[in-house]
Amino acid sequence: MPMSEDFKARLLPVVEEVAAHYGTPFHIYDEAGIRQTGEALKSAFAGIEGFQEYYAVKALPNPRILQIMQDLGFGFDCSSIPELILSRKVGATGEQIMFTSNNTTLEEFEFAAQDGGCILNLDDISLIDKVPQFPELICFRYNPGPRRTGNLIIGNPVEAKYGVTHEQVVDAYRLARDKGAKRFGLHTMVASNELDHSYMVETARMLLQVAEMVETELGIRFEFVNIGGGFGIPYHPDQQALNLTRMASEITALFDQFKAQHGYVPKMVMESGRYMTGPHGALVTQAINHKETYRRYIGVDSCMSALMRPALYEAYHHIDVVGKTSLPQDQVYDVVGSLCENNDKFAVQRALPQIEEGDLLLIHDTGAHGHAMGFQYNGRLRPQELLLCCDGSIELIRRAETLEDYFATQNFSADLFRPSTTSC
Ligand SMILES: *Cc1c(COP(=O)(O)O)cnc(C)c1O
């Protein structure tokens, strides 16, 4: 089921009062649910010594959320300078941060090395010579190419821009060792929103095989293998949740087997974003217009600036109408925002109860890659974010964007540069 029943049970009784207090639209996140998922992840992988989650900051880059991750003992996976700053602002340092960038700039490498540094996860062999001060601990992102099939969001590995190829991987570690690296990690990320637990088990198997191959060639041992993010969540009510317990026990068996054969085993690291927070967020928006033309439309007071996934991936997000969850879903609507883009639709031809203007709609599973992906196209600003705390209080964790924010980067007086050679 999308969005946990517990979150719904906590949110539905208070949502009208919260909407009256803060106004709509807003994303609201469920602290208790995030903590439960974090604990479930840790206990599922408790059989692997040194298991560590690095929360993928891009999924929900908010310091309050990152503090919860820290409480859970998680590190952070970052891929930009602002994400590094955010992680450091909540107190993460050194090896609590993994920097998994791609198409990286010199400025980013220099920033990553400051303030206690972080674990560098290099995306390409050509970057080895560009890292300003080569670190002792280095990781590479491995792209298996035709050895694996990918999935819709992340694409086929052969076409994916990420990582070093199978043919390059031994050379990458050899060159890194020549540069002075003494500690090694191995990373991959081949799937996104994957609900089939066996796909992730195969990913772990693949990494352990590559680790073995590199060890055989170069005699180096890996401190960790990082299976990436990509754990899926059921957005659609018909989808089955990822079988976490079964996945974890099968992966644990692979690690046990490796240890039995090699006398040591790398730690297992992962960098889940969606799985940690996706189901623990909802977008609350109000119906403000209805329209009957070739189709029946419900216009709401938010748009794809608050949630891009339906427009970007044709992603399904379940919708509840507050106060009408037990009414028959006997109407068919497109639920739309106000952007001048016809794909600005939260739902297409969706069976819902009869909706009146003023009704509150709860759009499920916006806790990852929701607010974070938003933009300002068409002058539509991003909404506020709230946290439903464990004690039942509500915290405003990000205000809505204002017109001042929108105009902050515009120049209303000329700011000119005249190149020395001009033709006019
Ligand atoms: C986006 C991303 C993640 C998180 O992916 P989820 O699907 O949210 O788990 C992890 N690692 C890397 C390198 C990413 O780019």
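As a convention, each chain's residues are numbered from 1 in the sequence order in which they are written. Local features in a predicted model are, by the rule used here, given only for residues with pLDDT of at least 70; side-chain atom pairs are given and counted only at 80 or more, and totals for whole chains, interfaces and linings are based on all residues. To obtain the side-chain values, all non-hydrogen atoms of the structure were included, while hydrogens and water were left out.

(A) Molecular detail of the packing of aromatic side chains. Aromatic contacts are taken between Phe, Tyr and Trp rings whose centres are within 6.5 Å, Trp giving its six-membered ring; a plane angle under 30 degrees counts as stacked, one over 60 as edge-to-face, and the others as tilted. One pass over the full model with this rule turns up nine aromatic pairs. Look at Phe 375 and Tyr 377: their rings are 5.9 Å apart centre to centre, the planes differ by 50 degrees, and that puts the pair in the tilted class. Taking the centre distance of 5.1 Å and the plane angle of 90 degrees together, the rings of Tyr 406 and Phe 407 count as edge-to-face. In this analysis the charged atom, NZ for Lys or CZ for Arg, is taken to sit over a ring once it is within 6 Å of the ring centre and within 35 degrees of the ring normal. Sitting over the ring of Tyr 162, Arg 141 keeps its end group 4.1 Å from the ring centre. Sitting over the face of the ring of Tyr 199, Arg 148 holds its NZ or CZ atom 4.3 Å from the ring centroid.

(B) Focus on the domain arrangement of the protein. Examined at the domain level, the protein breaks down into domain 1 (31-276) and domain 2 (278-401). Domain boundaries shown here were taken from an automatic or database domain assignment. Once you take the C-alpha centre of each, domain 1 and domain 2 turn out to be 32 Å apart. When checking whether two residues touch, look at their non-hydrogen atoms; a contact exists if any pair is within 4.5 Å. At the junction of the two partners, domain 1 supplies 24 residues and domain 2 supplies 22 residues. We define buried area as the total accessible area lost by two parts upon association, computed with a 1.4 Å probe and summed across both. The contact between domain 1 and domain 2 buries some 1,900 Å² in all, and 60% of this surface belongs to carbon and sulfur atoms. Salt bridges are defined by distance alone: a side-chain nitrogen of Lys or Arg within 4 Å of a carboxyl oxygen of Asp or Glu. Seen at the junction of domain 1 and domain 2, the total is one salt bridge. Residues Arg 64 and Glu 395 are paired through a salt bridge, measuring 3.0 Å at the closest nitrogen-oxygen approach.

(C) Region of interest: the pattern of salt bridges. In total, this model carries 20 salt bridges according to the counting rule given. As a salt-bridge pair, Asp 30 and Arg 10 come within 2.7 Å of each other at their nearest N and O atoms. Of this pair, Asp 30 sits in strand β1 (residues 26-30) while Arg 10 is found in helix α1 (residues 5-11), placing the two residues 20 residues apart along the sequence. Remark: exposure states derive from per-residue accessible area (1.4 Å probe, protein chains only) relative to the maximum for the residue type, with buried under 20%, exposed over 50%, and partly exposed in between. According to the relative accessible area criterion, Asp 30 is buried, its value standing at 0%. Two residues, Arg 35 and Asp 71, come together in a salt bridge whose shortest N-O distance is 2.9 Å. One end of the pair, Arg 35, is in helix α3 (residues 31-44); the other, Asp 71, is in helix α4 (residues 63-71), and 36 residues separate them in sequence. The helix count covers DSSP runs of H or I at least four residues long, the strand count covers runs of E at least two residues long, and both are numbered beginning at the N terminus.

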